[in-house]
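Descriptive analysis of the structure
Each chain is listed here by its residues.
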Amino acid sequence: MNAPLLQTNAWQAVHEEFQRGGRFWEMFWVLFAIAAGLAALALYQRIQQNRSSGQVLDHPGKLFRVVIARLRLGVLQRDLLRRMARELQLVHPTVLLLSPEIFHEHSQQWLNGIHFDPEQGSSDDHRAARQRDSLDDLCHAIFGIRLPPTDSNPGVSGRTPGRAR
């Protein structure tokens, strides 16, 4: 058969269905239901694929977010970890989570670079001590150990290493 003739006949059939108001809406809803079902199936498959253990994380920031989500840290601890990684401008922020020694080294570097706003009320030493305590709690949550005292200012934290709260 001739292709243009088939197209003309098909368009005429669609035109007649519009004119009659017959089965067109029934067919439309069936096709819509099939399309919605396929979309739901594709979404379900995508979610399952992302949950699989063989997930490929090819972006350092994405890997960092997935890892800290799996650590079950509190919101403030995750925010502190993200803030520290961002302010240190780490290309691969997950390096913070490799060992307590690496975490300690980067936390000291971050603490030394903090500039506090003088209008916030308390002294810089007091705020630095609170940040160090927060980092100590974070280190304990991640690695199960406390940060060692700092060499430059051993009296910043009132805690002794290894003492749990």
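In this report, we go over the structure that sits alongside the text. (Residues numbered from 1 in each chain as written. Predicted model: local features only at pLDDT ≥ 70, side-chain atom pairs only at ≥ 80, totals over all residues. Heavy atoms only, no water.)

1. Observations regarding the side chain of His106
Looking at the element boundaries, His106 is found in helix α5 (residues 100–113). In this structure His106 comes out as buried when scored by relative accessible area, which is 13%. Apart from residues no more than four positions distant in its own chain, His106 is found in contact with Met84, Leu88, Leu90, Val95 and Leu96. (Helix = DSSP H or I, 4+ residues; strand = E, 2+ residues; numbered from the N terminus. Buried < 20%, exposed > 50% of the residue type's maximum accessible area, 1.4 Å probe, protein only. Contact = heavy atoms within 4.5 Å.)

2. Remarks on helix α6 (residues 124–143)
Taking 1.5 Å per residue as the helical rise, α6 with its 20 residues ought to reach 28 Å, and the 28 Å between its terminal C-alpha atoms agrees with that figure. Among the residues of α6, those classed as buried are Arg127, Ala129, Gln131, Arg132, Leu135, Asp136, Leu138, Cys139 and Ile142. The elements touched by buried residues of α6 are α4 (75–87) and α5. In the stretch just after α6, Gly144 is the one whose phi turns positive, near 85°. (Expected span 1.5 Å × (residues − 1).)

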